[in-house]
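# Chains, contacts and geometry: an overview
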Amino acid sequence: MPGHDPGGSYLPWPPPSGWPAQPGEQRPRHTRAVAAGLVLGLTALGVPLGLLWAALAPDTPVLKTAEGAVYAQPQPEQPIAADGWFSLLGIGFGVLAAIAVWTLLRRRRGPVNLVALTVGALGTALVAWQVGRRIGLDGYQRLLDTAPAGTSFGKPADLRAGGIDRLFGVLPVPYGNLLLAAFAAAVTYTLLAGWSRWPSLRPEPEPGGPGWPVAPGGAGAPDAVGPAGGVSWGPAGTPAPTAAPEPPAPGAAGPTRG
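Throughout what follows, the structure given in this document is the object of discussion. Note that the coordinates shown come from a computational prediction; the quantities given were computed from them, not determined experimentally.

### So, the overall build of the chain
- Each helix and strand in the chain was counted, giving 6 helices and 7 strands.
- In the chain, the order of α-helices and β-strands from amino to carboxyl end is α-α-β-β-α-α-α-β-β-β-α-β-β.
- For the chain, the proportion of its 258 residues judged to be buried stands at 29%.
- A fraction of 67% describes how many contacts in the chain between residues 6 or more apart in sequence connect residues 24 or more apart.
- Accessible area for the chain stands at about 16,100 Å²; split by element, carbon and sulfur atoms hold 65% of it.

### Let's talk about the pattern of salt bridges
- Enumeration over the complete set of coordinates arrives at 1 salt bridge.
- Between Asp158 and Arg133 there is a salt bridge, with the nearest N and O atoms lying 3.3 Å from each other. Taken as a pair, Asp158 in the loop between strand E3 (152–155) and strand E4 (162–167) and Arg133 in helix H4 (residues 111–134) lie far apart in primary sequence, 25 residues in all.
- Classification of Asp158 by relative accessible area gives partly exposed; the value is 26%.

### Side note on the nonpolar core
- Core analysis: the largest hydrophobic core is formed by 27 residues, its most contacted members being Trp53, Phe86 and Leu117.
- Contributing elements (two or more residues each) for this core: helix H1 (32–44), helix H2 (46–56), helix H3 (78–104), H4 and helix H6 (180–194).
- Here this core gets 8 residues from one element, more than from any other, and that element is H3.
- Once you skip the residues sitting within four places of it in the chain, Leu117 turns out to touch Leu38, Leu42, Ala97, Ala98, Val101, Ala185 and Tyr189.

### A few points about the pairing of strand E5 (residues 171–176)
- Note: E4 against E5, 6 bridges, orientation antiparallel. Within E5, the residue paired with Gly163 across the bridge is Tyr175.
- Linking two consecutive strands that pair antiparallel, namely E4 and E5, is a turn of 3 residues; a positive phi of about 60° is found at Phe168 within it.

### So, the sheet that holds strand E2 (residues 68–71)
- One open sheet accounts for 3 strands, arranged E2-E1-E3; its pairing is antiparallel. Of all strands in the sheet, those bounded by a partner on one side alone are E2 and E3. Between one strand axis and the next, the sheet turns through 45° on average, direction left out of account.
- Note that strand E1 (residues 60–65) and E2 share 4 bridges and pair antiparallel. Bridging from a neighbouring strand, Val62 pairs with Tyr71 of E2.

Conventions we followed
- Residues numbered from 1 in each chain as written.
- Predicted model: local features only at pLDDT ≥ 70, side-chain atom pairs only at ≥ 80, totals over all residues.
- Heavy atoms only, no water.
- Helix = DSSP H or I, 4+ residues; strand = E, 2+ residues; numbered from the N terminus.
- Buried < 20%, exposed > 50% of the residue type's maximum accessible area, 1.4 Å probe, protein only.
- Contact = heavy atoms within 4.5 Å.
- Areas by Shrake-Rupley, 256 points an atom, 1.4 Å probe, with all protein chains shown as cover.
- Salt bridge = Lys/Arg side-chain N within 4 Å of Asp/Glu carboxyl O.
- Core = buried A, V, L, I, M, F, W, Y, C linked by side-chain atoms within 4.5 Å.
- Pairing = 2+ DSSP bridges.
- Axes fitted to C-alpha atoms, helices over the stretch in contact; angles between N-to-C directions.

Given below as structure tokens:
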């Protein structure tokens, strides 16, 4: 029977959009175009994130000497603050990006989305680092080259707890707080998947609710319309139960005994 599951359950008929028509059939996969668009979109958000980091992270005061620029303070706190702001912004961005992807692309939830989200968040951090560290860098280099000894000025924010290392001297590998955005995004998305009420991670209509039609004329089809348009989901063709006999009236004669 169409829409009938041999195990005894009943499948929606016709299947809602994006649903498998038969048990075990896979839903449409995340296409390469959507995954690439997600990565590029997240990476592009690194530009405003880098501008925000440059605005929040303080410049480090330096002093021009004959040998070059040195810190104006013995142990400046500004470089630590720059790393701290970058780490906080990266973690916050990763969490918000994971929630947004989980909510907006709910019909495409799955491992492909997780990989695209993680790669895109890493791209966001790399772009934010390069954009933020270049704000005011030209002016700093100009003062470093032309300013007389004894001149004080500020060095733009940069990372000391993160950057790019070369594996075997060739392959660039990010490390440190450059990885925090991707880590936060991956963990948040994984937690959302673990808390999902649906095994497939995608929203599914409740059995018998809106969007859950059944096979026409099949078992489980509505056989009566109740009050206020309610639908009775009992098996079709089942006779209504007979009413219980009323109790005998007081004083009524009982059955004749032989």
